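So the chains spell out like this:
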Amino acid sequence: MDLEAVRTFVAVAEAGQFQKAAADLSITQQAVSKRIATLERTLGVRLFTRTPRGAEPTIDGQAFLPHARELLRVGERAVASVRTGRHPLRVDVIASRVAPSGLMRGFHRAHPEIDLDVVMLFDVETAVAAIRSGAIDASFRAVAMPGRPLPEGIESVRVLDEPHQLLTGPAHALARARSVTVAQLAGHRIWMPGLVPGTEWTAYYDDLVAEFGLTIEATGPNFGSDTLLDTIADTPALATFTTEQTRLVWPAGHGLRRIPVTDPTPVYPHSLLWHRDNPHPALATLRSHLAATAADRDAAGTWRPCWVIPR
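What counts and what doesn't
- Residues numbered from 1 in each chain as written.
- Predicted model: local features only at pLDDT ≥ 70, side-chain atom pairs only at ≥ 80, totals over all residues.
- Heavy atoms only, no water.
- Helix = DSSP H or I, 4+ residues; strand = E, 2+ residues; numbered from the N terminus.
- Rg over C-alpha atoms; globule rule 2.2 N^0.38 Å.
- Buried < 20%, exposed > 50% of the residue type's maximum accessible area, 1.4 Å probe, protein only.
- Contact = heavy atoms within 4.5 Å.
- Areas by Shrake-Rupley, 256 points an atom, 1.4 Å probe, with all protein chains shown as cover.
- Lys, Arg positive; Asp, Glu negative; His and termini not counted.
- Charge placed at Lys NZ, Arg CZ, Asp CG, Glu CD.
- Patch = residues over 30% accessible without salt bridge, like charges linked within 9 Å, V, L, I, M, F, W, Y side chains within 5 Å.
- Salt bridge = Lys/Arg side-chain N within 4 Å of Asp/Glu carboxyl O.
- Pairing = 2+ DSSP bridges.
- Core = buried A, V, L, I, M, F, W, Y, C linked by side-chain atoms within 4.5 Å.
- 1 Å grid on protein atoms, 1.4 Å probe; cavity = no way out; pocket = protein on both sides within 12 Å on 5 of 7 lines; lining within 4 Å.
- Points joined across faces, edges and corners; volume = space filled by probe spheres on them.
- Expected span 1.5 Å × (residues − 1).
- Polar contact = N/O pair within 3.5 Å; in protein donor to acceptor, adjacent residues only side chain to side chain.

S.K.: Where do I start with the overall build of the protein chain in this structure?
M.R.: Each helix and strand in the protein chain was counted, giving 9 helices and 13 strands. Relative to the 2.2 N^0.38 estimate, which gives 19 Å for 311 residues, the radius of gyration of the protein chain is 29 Å and therefore markedly larger than a compact globule would have. In terms of overall dimensions, the protein chain has C-alpha extents of about 95 × 40 × 35 Å along its principal axes. Counting every position in the protein chain, which comprises 311 residues, the buried fraction comes to 43%. A sequence separation of at least 24 residues applies to 75% of the contacts in the protein chain between residues at least 6 apart. Only carbon and sulfur atoms are counted for the fraction: they give 53% of the accessible area of the protein chain, which is about 15900 Å². The protein chain carries 32 positive and 33 negative side-chain charges, and their two centres are separated by 6 Å.

Structure follows, in structure tokens:
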């Protein structure tokens with residue numbers, strides 16, 4: 001339904017005259033008549049009766065009037081929801097327990113006046129498509145995968161290099177170590193059922209395996225973190241990788257150990273992605289906040305894939 005025709009109908013009903021409604025809308029009286037006639041054809045009823053004083057709504061016009069006003073209010077709310085600076089800042093954090101979610105919680109504490117809409121998309125291609133369409137304003141991702149440069153118009157800046165940890169059960173051979181070197185992990189089974197071919201995090205671990213000769217298994221369905229923690233706790237031969245800021249909670253009886261990995265320390269490179277033409281005012285505030293709180297990048301004694309963009 002043409003909202004301009006609906007707006008014209010309401011203007012005539014309130015003014016009581018086609019001529020006055022035309023003046024109020026800054027259009028010609030002929031345009032008012034054409035819009036009303038089009039709306040009447042759409043609805044299949046007459047909306048006005050001509051009188052010596054001007055125009056009065058028919059019974060059908062009176063019935064339609066409150067709904068017409070509501071249509072206009074809904075239309076205004078719809079426009080306001082996407083108008084620059086009016087919709088919440090929409091940011092993809094991948095998952096609720098990982099470092100980007102923590103970064104956004106810190107941003108919210110620092111800027112509680114900014115409305116946020118936090119979403120969780122699957123992979124970098126989905127996130128980039130959402131950025132390009134305007135469905136989201138920014139995303140935290142590792143970029144750029146081999147053979148997959150960022151599309152034209154997509155900007156990125158690295159905001160956090162997050163150290164890795166080894167997560168083991170109490171009976172694992174490395175459970176008592178205060179730290180482990182990458183070389184010590186050779187020959188140990190590292191189980192990561194969440195690795196999906198084609199994703200940026202799988203590309204990261206593929207490079208880690210190739211660089212250091214590790215054994216990472218992605219076998220079996222991914223039933224989520226609770227099942228992963230249960231399995232690691234009960235299986236001495238298995239360990240898994242987690243990252244320093246990933247939030248994990250397990251029953252006290254599990255006795256799990258989070259052990260720093262060193263010499264070198266693999267770090268996961270989180271970058272913020274956005275479209276260079278995105279005018280949302282809060283996006284600049286987010287970037288400034290992340291720049292002020294970013295950990296040192298390219299620190300000595302760390303490892304990251306060669307495809308990570310150095311920014």
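S.K.: Which parts of the structure should I look at to understand a nonpolar patch on the surface?
M.R.: Together, Met1, Leu3, Leu43 and Leu71 give the surface a local cluster of nonpolar side chains, amounting to about 320 Å² of exposed area. By the element assignment, Leu71 lies in helix 4 (residues 59-82).

S.K.: Looking at this model, I keep getting lost on the pairing of strand 10 (residues 238-243). Mind explaining?
M.R.: Across a regular strand the side chains alternate sides, sitting on one face of the sheet and then on the other. For strand 10, the tally of buried residues reaches 6 of 6 residues, placing the bulk of the element in the interior. In strand 10, alternate side chains face the same way, and those of Leu238, Thr240 and Thr242 on one face and Ala239, Phe241 and Thr243 on the other are all buried. Direction of pairing for strand 6 (residues 154-168) relative to strand 10: antiparallel, over a ladder of 5 bridges. Bridging across to strand 10, Gln165 finds its partner in Thr242. Bridge analysis of strand 8 (residues 189-191) against strand 10 gives 2 bridges, and the strand direction is parallel. Residue Arg189 lies in a different strand from strand 10, and its bridge partner there is Leu238.

S.K.: Help me understand the nonpolar core in this model?
M.R.: Soluble globular proteins tend to bury their nonpolar side chains together. With 34 residues, the main nonpolar core has Leu166, Leu185, Tyr205 and Phe241 as its most contacted residues. Secondary structure elements with two or more residues in this core: helix 6 (124-133), strand 6, helix 7 (200-212), strand 10, strand 11 (257-262) and strand 12 (265-275). The element that contributes the greatest number of residues to this core is helix 7, accounting for 5 residues. The next biggest cluster of nonpolar side chains, apart from the first, holds 20 residues, and it includes Ala5, Leu47, Ala55 and Ala68.

S.K.: Got a minute to help me understand the layout of surface pockets in this structure?
M.R.: Vacant regions in the atomic arrangement are exposed by a probe of water-molecule size rolled over the atoms. The calculated volume of the largest pocket comes to roughly 950 Å³. The wall of the largest pocket is formed by 29 residues, among which Ala95, Val98, Gly194, Trp201 and Thr246 lie closest to the centre. In terms of residue count, strand 10 provides more of the lining of the largest pocket than any other element does, 4 residues in total.

S.K.: What is the right way to read helix 1 (residues 3-15) from this model?
M.R.: An α-helix turns once every 3.6 residues. As a result, residues three or four positions apart point the same way. Counted at 1.5 Å a residue, the expected span for helix 1 with its 13 residues is 18 Å, and the 18 Å between its end C-alpha atoms agrees. Those residues of helix 1 that fall on the buried side of the exposure criterion are Ala5, Val6, Thr8, Phe9, Val10, Ala11, Val12 and Ala13. Two to three positions downstream of the cap, the backbone nitrogen of Glu4 sits 2.9 Å from a side-chain oxygen, assigning the N-cap of helix 1 to Asp2. Of the residues flanking the end of helix 1, it is Gly16, one or two places downstream, whose phi is positive at about 80°.

S.K.: Any chance you could explain unusual backbone geometry here in plain terms?
M.R.: Backbone geometry follows two general trends: most residues other than glycine have a negative phi, and most peptide bonds adopt the trans configuration. The amide bond that connects Asp263 to the next residue, Pro264, takes the cis arrangement and shows omega of -10°. Mapped onto the elements of the fold, Pro264 is located in the loop between strand 11 and strand 12. At Ser26, a position not held by glycine, the phi torsion is positive, near 60°. Checked against the element boundaries, Ser26 lands in the loop between helix 2 (18-25) and helix 3 (29-43). Here the phi dihedral of Ile94 falls at roughly 75°; this positive angle occurs in a residue that is not glycine. Structurally, Ile94 is set in the loop between strand 3 (89-92) and helix 5 (99-110). Classification of Ile94 by relative accessible area gives partly exposed; the value is 22%.

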